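Close look at the chain arrangement
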Amino acid sequence: MIALAGLALLDLLTAEQRHWLAALGTRRSYQDGELIHRRGDRDPSMCVVISGRVRLTRLHADGTQTFVSSIQPGQHFGDVLLHGGRQRRTHDAVAVGAVRLDHYDADAFAKVLENPVVALALYRITALRLSGAMAMSDDLRALPREVHLAKILLSLRTQGNPPGTIECVQDDLAALIGTSVMTLSKALGVLKRAGLIETGYRSLRIIDRKALSAWLAARSPE
């Protein structure tokens, strides 16, 4: 599964701080494929993934579904609803595998923000997510699809075996770069012919990250 949510909140905290945070939340378990919340639900709460993964998608009026992100263990989502204004969920959230989440309602979240270390970690992650979203928007307009794809691949977590393997579905990857599966296949073909990646069943492997980085640097405005 593609992972885009960036830094993990729990990775920025000490064991003592993680224990303190967990004590404020309500832990719930979900089975693989179970709906955690639906777009439009009134459920203003932040969730922290303890185990498993959460797939965020958005269903459109024509019945099509757009992949948004995969939230990994230690990462959080939903806190934007607790900052006022927006009161309804903007995406569907589905469990991938056996999932455990810590939920924080408005009262618990207010206590979370009273801890300066945790509040700073949340701010840091939010700032980085905003910066990443702005950069992705610029890339969608300015870069050739294969170059944009290379940037996305280099930014993804690669926790697979063998090293550099990214679990992914082509439909999801196409949604990330704002294109069709056919156009994505062409972009993948460019990188494969250059000897930078190889594809498999529901997976993709970066053969040499340094070589891919050099290839990208030669074609990126930066």
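What you are looking at is a predicted structure, and each value in this text was computed from that prediction instead of being measured.

1. Some words on the overall build of the protein chain
Across its full length, the protein chain carries seven helices and nine strands. Taken over 222 residues, the protein chain has a buried fraction of 38%. Considering only contacts within the protein chain whose residues lie at least 6 apart along the sequence, 73% involve residues at least 24 apart. Surface summary for the protein chain: the accessible area is close to 11800 Å², and the carbon and sulfur share equals 53%.

2. Structural notes on the packing of helix 4 (residues 145-155) against helix 6 (residues 181-193)
The angle between the axes and the distance between the axes are what describe a pair of packed helices. The contact between helix 4 and helix 6 brings their axes to 9 Å, and the two run at 75 degrees. With respect to helix 6, the axis of helix 4 lies roughly perpendicular. Together, Arg-145, Glu-146, Leu-149, Ala-150 and Leu-153 of helix 4 and Thr-183, Leu-184, Ala-187, Leu-188, Val-190 and Leu-191 of helix 6 make up the contact between the two elements. Among the residues forming the contact of helix 4 with helix 6, the class breakdown is eight nonpolar, one polar and two charged.

3. Details of the pattern of salt bridges
Tallied over the entire structure, the rule returns three salt bridges. A salt bridge links Asp-102 to Arg-27; the nearest nitrogen and oxygen atoms lie 2.7 Å apart. Placement of the pair is Asp-102 in strand 6 (residues 92-104) and Arg-27 in strand 1 (residues 26-30), with a sequence separation of 75 residues. According to the relative accessible area criterion, Asp-102 is buried, its value standing at 2%.

4. Focus on the pairing of strand 8 (residues 197-200)
Summarising the sheet, strand 8 and strand 9 (residues 203-206) pair through four bridges and their orientation is antiparallel. Among the inter-strand pairings, Thr-199 is bridged to a residue of strand 9, identified as Leu-204. Between the antiparallel neighbours strand 8 and strand 9 lie two residues, among them Arg-202 with a positive phi of about 55 degrees.

5. As for the side chain of Arg-89
Along the chain, the position of Arg-89 falls in the loop between strand 5 (76-77) and strand 6. Residue classification places Arg-89 among the buried positions, given a relative accessible area of 4%. A polar atom in the side chain of Arg-89 sits 2.9 Å from the backbone oxygen of Asp-43. Here Arg-89 is in contact with His-37, Arg-38, Arg-39, Gly-40, Asp-41, Asp-43, Ser-45, Cys-47, Gly-78 and Leu-81, once residues within four sequence places are set aside.

So, how was this worked out
- Residues numbered from 1 in each chain as written.
- Predicted model: local features only at pLDDT ≥ 70, side-chain atom pairs only at ≥ 80, totals over all residues.
- Heavy atoms only, no water.
- Helix = DSSP H or I, 4+ residues; strand = E, 2+ residues; numbered from the N terminus.
- Buried < 20%, exposed > 50% of the residue type's maximum accessible area, 1.4 Å probe, protein only.
- Contact = heavy atoms within 4.5 Å.
- Areas by Shrake-Rupley, 256 points an atom, 1.4 Å probe, with all protein chains shown as cover.
- Axes fitted to C-alpha atoms, helices over the stretch in contact; angles between N-to-C directions.
- Parallel < 35°, antiparallel > 145°, perpendicular 65-115°, else oblique.
- Nonpolar A, V, L, I, M, F, W, Y, C, P; charged D, E, K, R; others polar.
- Salt bridge = Lys/Arg side-chain N within 4 Å of Asp/Glu carboxyl O.
- Pairing = 2+ DSSP bridges.
- Polar contact = N/O pair within 3.5 Å; in protein donor to acceptor, adjacent residues only side chain to side chain.

What is shown is where atoms sit, not what they do.
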